[in-house]
Amino acid sequence: MIIAGLSEGVMIIENDQTIAWANDAALAMHGVADIRALGLTVDEYRSRFSLRYRNNHVLERSQYPADRVVAGEVFVDVVVVVSPASDPENEWVHQIRSLVITDKNGEPDCLVLVMADVTERFAAEARFERTFNANPAPAFICRLADQIVVKVNQGFLEMMALEKDEILAQPISRIDIFADAPDPEMLAERLNEGRTVPQTELVVRTGDGGRKLVIMAGQPMEVGEEDCMLFTFADLDAREKAESALRQSEERFAKAFQLSPVATALMKLNEGTFLDVNAAFTTQFGFGEAELIGRRPRDIELWGDPDARQEFETKIVQTGTVASLEASMTCRNKNELYCIVSAETVTIADSKCILATFLDISERKRTERELMQAIDAAMADASWLSKGIIEKLGSLRRPAAQSKASPIKDLTVREREVLVLICEGLTDANIAKRLSVSLNTVRNHVASLYRKLGIHRRSEAVIFGRKHNLGPKDE
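Each value, and the rule that gives it
- Residues numbered from 1 in each chain as written.
- Predicted model: local features only at pLDDT ≥ 70, side-chain atom pairs only at ≥ 80, totals over all residues.
- Heavy atoms only, no water.
- Helix = DSSP H or I, 4+ residues; strand = E, 2+ residues; numbered from the N terminus.
- Buried < 20%, exposed > 50% of the residue type's maximum accessible area, 1.4 Å probe, protein only.
- Contact = heavy atoms within 4.5 Å.
- Pairing = 2+ DSSP bridges.
- Axes fitted to C-alpha atoms, helices over the stretch in contact; angles between N-to-C directions.
- 1 Å grid on protein atoms, 1.4 Å probe; cavity = no way out; pocket = protein on both sides within 12 Å on 5 of 7 lines; lining within 4 Å.
- Points joined across faces, edges and corners; volume = space filled by probe spheres on them.
- Nonpolar A, V, L, I, M, F, W, Y, C, P; charged D, E, K, R; others polar.

With respect to the environment of Ile167
So, step 1. Along the chain, Ile167 turns up in the loop between helix 6 (154-160) and helix 7 (184-193).
So, step 2. On the basis of relative accessibility, which here comes to 1%, the residue Ile167 falls in the buried class.
So, step 3. For the pair formed by Ile167 and Phe140, sequence separation is 27 residues and the distance between their alpha carbons is 9.4 Å.
So, step 4. Those residues in contact with Ile167 that lie beyond four places of it in its chain are Val149, Val152, Phe156, Leu157 and Ile175.

Structure, rendered in C-alpha cells:
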C-alpha cells in the first residue's frame, strides 16, 4: 500500500522478465490505465514504448532500463524520453533508477525500477535553451563549481569572433574576460562566491585580436540542478563609433561655422533666440557675442524692415528654408546694412534650430543707386540720345525680367501724343505750349500714362517710348 501511493512510479520485474506489478504513478507516466497496456513482459514493454536519450539517440534492446535491471545492473538518474510506439508525437521524460534486491544467498530476488516524471522540468529547460540561443544579446553560462562554460549563444560567438569549440566546455579563464576591467579582482571575487556581478563597462579582447567596448553583468542561476553564472553583454562598439563620428561631425561644423567669412547665426526655432554667432556676424553688426546669446533679433532691432522679418519668420516655420531674401538690417550703431538673408532648419543636439547667413550687399546697393541716379540724370534730357543708347540704359535701369510695361494700345490718343513729346525731350511746360493745353492737363495725362505703363519716372517713359518707336528717329 505504501509503494502504491508513492508519487514516483514503481515497476517490479521478475527474473524471468515478466512485469509483476506497477503502481498507478508508473501507469500514468506511460499514459495507460492497467498493467496489460504497459506490457506483461519486458519484450512486450519494448514493443509498445520507444525510448531514446535526450540527444535523440534511440535506445538499443540492451539499453532499456528494464533490460539493464534484469541483467542485475544498478544505476541512478538515467534520463530517457518515452513515447508510445503507436503515438510517437506523445512523449514524456523519465528519470529512472534501479534497485536489485537479493535473497540470503546474494542472488537477485526482486528487480525494481523507480521513475520520476521530469517532463515539465526538461520542457522548461528546452524553452530556456531556445530563448538563450535566440537571444541577440551576447551571453554565456559557466558552472560555478569549476568555472567551465556550459552554454554559449551565437551573439557571444559573433561579438568575440570565436568558434563554439573555442569556448564551450572550456574554463572561463580561456577568454580572460576580466583582464581589462576597471576592477578585475572584485569581479573574480564575486564570481568565485556566486554573487551577482554588477553592470561593468570594460574592453574585451576578441578572438581575431581586436578589442570591443562592452557592458557586462553576471547573474547567479541554476542549470540542470547545478549552480551557474549567466553573463550577458551589450556591445557598445557601434555606439562608440557613432558617438566618435558625431563628435567629429560637430567639430567640423563648429570650425566651418566660426571660420565662415559670411555673417552666420544659429538660433532656436521655437523661441527664435540666438544660440551662437560667428566672428563675421559680430564684426558686421557690431554686437558682442554676450549681447546676443539668449536674445531674439527683434530684441536688438536687427531687422530694419518689419515686412522682411515677417516674411523670414513665416517661411522658416512653414517650409524650413529661406532663400536669398533681400532685407534692410540695423547695426549696433544704428547704421543700415542691406543683406541677402538665407536660412535652413537644422537639428543640433536633438533640438530644432535655424542656421541663417547674412550676406552684406550694402556696397553693391550703393553702387546700383549711384548708377541709377547717373542714368536718371542722363535721361532727364534724352532727346540727344540715340535709340540704341536709350535701350541699353533702359536694360540697366529696369532689367527685362522685371519689366511690367502696359500695352501701348491702352493709351489714349492724347496720352500717346504726350509720350512722343516726352521722348523728344520736352518738358511739361513745352508740351502744354505745343499741344495748346494747360500745364495741369499735361500733368494729368503724364500721371495717367505712368499708371497705365506701370512706371514712375520720366526716364522710364523715354525708355518705353523709344522701345516702341515713339521717339525721334536715329540719325
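Now that the structure has been shown, the text picks up again.
What to know about the sheet that holds strand 6 (residues 108-117)
So, step 1. What the six strands build is an open sheet, ordered 2-1-6-5-4-3; its pairing is antiparallel. Unpaired on one side and paired on the other, strand 2 (19-22) and strand 3 (49-52) mark the two borders of the sheet. Taken over all neighbouring pairs, the strand axes of this sheet differ in orientation by 30° on average, direction set aside.
So, step 2. Here strand 4 (residues 78-84) pairs with strand 5 (residues 92-102) via five bridges, running antiparallel. The residue of strand 5 that forms the bridge with Val80 is His94.

Thoughts on empty space enclosed by the protein
So, step 1. Summed over the entire model, instances satisfying the criterion amount to one cavity of 30 Å³ or more.
So, step 2. Considering the residues around the largest cavity, the lining is formed by Met11, His30, Tyr45, Leu51, Pro65, Ala66, Val82, His94, Ile96, Leu113 and Met115.
So, step 3. Sorting the residues of the lining of the largest cavity by element identifies helix 4 (65-70), strand 5 and strand 6 as the ones contributing at least two each.
So, step 4. Class assignment for the residues of the lining of the largest cavity results in nine nonpolar, two polar and no charged.

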